[in-house]
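Residue strings, one per chain:
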Amino acid sequence: MKSSIICLGLWLAMSTVSWAQTTLSLEECYRQAEQHNPQAGQRRLIQEATDLQIKLLNRGYMPQSRLNGQATWQSEVTSVPIKLPNFEITPPPKDQYKLTLDVTQSIWDGGLTQKQKTIALANQQVEQQKVTVDLFQIREQVSGLFFGALFSQRQLRNFEILQKELLAKLEKTKASVQNGIAIRANVLALEARLLEVEQQLLETQKRQAAALEGLSLLTGQTVDTKTTFATESQTTNSLDVTRPELQLFETQKQVLTQNERLIRAKNLPKLSAFATAGYGRPGLNFLATNFQTYFIGGIQLQIPLTHWYTNTQGIETQQLRVNQQRIDKQRESFLLGTQVKVANQRQEISRLEALVASDQKLIELRGTIRKASESQLDNGIITASDYLTEVDNEDMARQNLILHETQLLQAQNNLKLLLGH
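Please read these numbers as outputs of a predicted model, since none were measured by experiment.

## Digging into the packing of helix α2 (residues 26–36) against helix α5 (residues 184–219)
In the contact formed by α2 and α5, the axes pass within 7 Å of each other and the chain directions differ by 55°. By the angle class used here, α2 and α5 are oblique. For the pair α2 and α5, the contacting residues are Cys29, Gln32, Ala33 and His36 in the first and Leu215, Leu217, Leu218 and Thr219 in the second. Here the contact of α2 with α5 is built from residues that sort into five nonpolar, three polar and no charged.

## A short note on the confidence of the model for the protein
Any residue range with low pLDDT should be treated as having predicted coordinates unsuitable for detailed reading. Confidence along the protein averages 88 in pLDDT terms, with 93% of residues attaining 70 or more. Below pLDDT 50 for its whole length, residues 1–21 participates in one contact with residues either more than four positions away or in separate chains.

## Focus on the layout of surface pockets
The computed volume of the largest pocket comes to approximately 290 Å³. As for the largest pocket, its lining consists of 14 residues, and the residues nearest its centre are Glu140, Arg243, Lys341, Leu417 and Leu418. Contributions of two or more residues to the lining of the largest pocket are made by α4 (112–178), α8 (312–378) and α9 (384–419). Top contributing element to the lining of the largest pocket by residue count: α8, with five residues. Class assignment for the residues of the lining of the largest pocket results in four nonpolar, five polar and five charged. In this structure, the second largest pocket encloses a volume near 230 Å³. For the lining of the second largest pocket, the secondary-structure elements that each account for two or more residues are β3 (95–108), α4, β5 (270–281) and β6 (292–302). The residue makeup of the lining of the second largest pocket, split by class, is four nonpolar, seven polar and two charged.

## As for α4
An ideal rise of 1.5 Å per residue puts 99 Å on 67 residues; α4 measures up with 99 Å between its terminal C-alpha atoms. Trailing α4 by a residue or two, Gly180 shows a phi angle of about 80°, which is positive.

## Here we look at the side chain of Lys169
Looking at the secondary structure, you find Lys169 in helix α4. The class of Lys169 is buried, set by a relative accessible area of 4%. Ignoring any residue separated from it by four or fewer positions in sequence, one finds Lys169 in contact with Leu190, Glu374, Leu377, Asp378 and Tyr387.

## Focus on the sheet that holds β5
Two modes of strand pairing occur in sheets, parallel and antiparallel, and in both the strands are linked by backbone hydrogen bonds. Strand order in the open sheet formed by four strands is β2-β3-β5-β6, and the pairing between neighbours is antiparallel. Whereas interior strands pair on both sides, the edge strands pair on one side only; in this sheet they are β2 (64–73) and β6. Sheet twist, expressed as the mean angle between neighbouring strand axes with direction ignored, is 20°. Here 10 bridges tie β2 to β3, and the two strands are oriented antiparallel to one another. Following the sheet pairing, Gln64 is matched in β3 by Thr104.

## Some points on the packing of aromatic side chains
This structure, assessed with the given rule, holds five aromatic pairs. Look at Phe146 and Phe147: their rings are 5.4 Å apart centre to centre, the planes differ by 85°, and that puts the pair in the edge-to-face class. For the pair Phe146 and Phe147, a shared accessibility class is recorded, and that class is buried. Both rings, one in Tyr279 and one in Phe291, keep their centres 5.7 Å apart while their planes meet at 20°; by these two values the pair is stacked. Of the two residues, Tyr279 sits in strand β5 while Phe291 sits in the loop between β5 and β6, which places them 12 residues apart along the sequence. On the basis of relative accessible area, Tyr279 is assigned to the partly exposed category, the value being 41%. On the accessibility criterion, Phe291 (38% relative accessible area) is partly exposed.

## A few points about the environment of Ala211
Considering the arrangement of structural elements, one finds Ala211 in helix α5. Residue classification places Ala211 among the buried positions, given a relative accessible area of 7%. As for Ala211 and Ile82, which are separated by 129 residues in sequence, their C-alpha atoms are 102 Å apart. If sequence neighbours within four positions are ignored, Ala211 has contacts with Leu145, Gly148 and Ala149.

## A few points about the pattern of salt bridges
Counted under the stated rule, the structure contains 23 salt bridges. Residue Glu250 is joined to Arg331 by a salt bridge in which the shortest nitrogen-to-oxygen separation is 3.8 Å. On the criterion of sequence distance, the pair formed by Glu250 in helix α6 (residues 244–266) and Arg331 in helix α8 is long-range, its members being 81 residues apart. On the basis of relative accessible area, Glu250 is assigned to the partly exposed category, the value being 31%. On the basis of relative accessible area, Arg331 is assigned to the partly exposed category, the value being 28%.

Calculation notes
Residues numbered from 1 in each chain as written. Predicted model: local features only at pLDDT ≥ 70, side-chain atom pairs only at ≥ 80, totals over all residues. Heavy atoms only, no water. Axes fitted to C-alpha atoms, helices over the stretch in contact; angles between N-to-C directions. Helix = DSSP H or I, 4+ residues; strand = E, 2+ residues; numbered from the N terminus. Parallel < 35°, antiparallel > 145°, perpendicular 65-115°, else oblique. Contact = heavy atoms within 4.5 Å. Nonpolar A, V, L, I, M, F, W, Y, C, P; charged D, E, K, R; others polar. pLDDT = per-residue confidence, 0-100. 1 Å grid on protein atoms, 1.4 Å probe; cavity = no way out; pocket = protein on both sides within 12 Å on 5 of 7 lines; lining within 4 Å. Points joined across faces, edges and corners; volume = space filled by probe spheres on them. Expected span 1.5 Å × (residues − 1). Buried < 20%, exposed > 50% of the residue type's maximum accessible area, 1.4 Å probe, protein only. Pairing = 2+ DSSP bridges. Phe/Tyr/Trp six-rings, centres within 6.5 Å; stacked < 30°, edge-to-face > 60°. Salt bridge = Lys/Arg side-chain N within 4 Å of Asp/Glu carboxyl O.

Rendered as structure tokens:
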């Protein structure tokens, strides 16, 4: 008894795992599609590229060195036209040589390097947000395939129920024909309708296979006929637009703001230390005729002045602000277009909700009529063709309900996608 209970518990646990593995929600499809899409791999590459750029910028704080070599010949050299007794000033040779090592250490660069690192990080956010926008747009394609597969799945279930009912009626009608109660034409009519249902089943299965294959390719997971699609009403309480495109506009403006600060940093005073070690002929003594080593060191101050009279800083700043205004206009245009689509989608949801309510009432009426005709067929009052007419009417009502319910779910989801929720 105890072992039986344990086996039953294991069977229930395995059943739960199996169910979890074959149930797929739309949000899970979104997550898997975003992870599986090659675009997702760009996030890591963008991060690596930014890290490398910042490493290069940090190297700017280190001493900058340069080795220079020069050999020249000149037509005239410095000479002293004075003759003194027992003393001769020999002019330097016309061929001169110089080898120097120059080292420069930045003390204050006006915040230029720091601003460049800030811009690199801001550009990284822009590129990352572009990837987010691209991945978000994949959701529309995933949604279409998901609801296409769901619609096919519900259609197949309805066709299977209809097929089962017709088979039962066919067997009953065959028995009535053998007993001389019904005519042979009723059997033929039912068999013909069953063939039509088989054709509809086959066609729906093909559409389902196409949708499932598309979902499998997008998500990188196996999605087959055993998969159950989890659905729920996706009502949206807030109509605030939170699309990733809006965040992209903001990050683009942040880059322009940082560039404006960079322009100011470029025109600030710069302070650095320098040192030069050299070997050549002549050295620092330009009258020397032999090779010498020498050293020069000091501090250098650079104050840019060109922008004061050319107004280049003002022009560059104005150019950036114009670009910011362009981004603002793009944002306004995007919001306006989105709001128009949201309004249309809300009207579509209201239309479909009304149709679903009407379909449910119509199914009740058609079901009552079909049951009455079934009784009449059994009693030989009507023919199978008359009965099938009512069956088809009820089936059409059920098909419309399946279609409108699926369209309603998709319209609700589309509204969420438009809003970015």
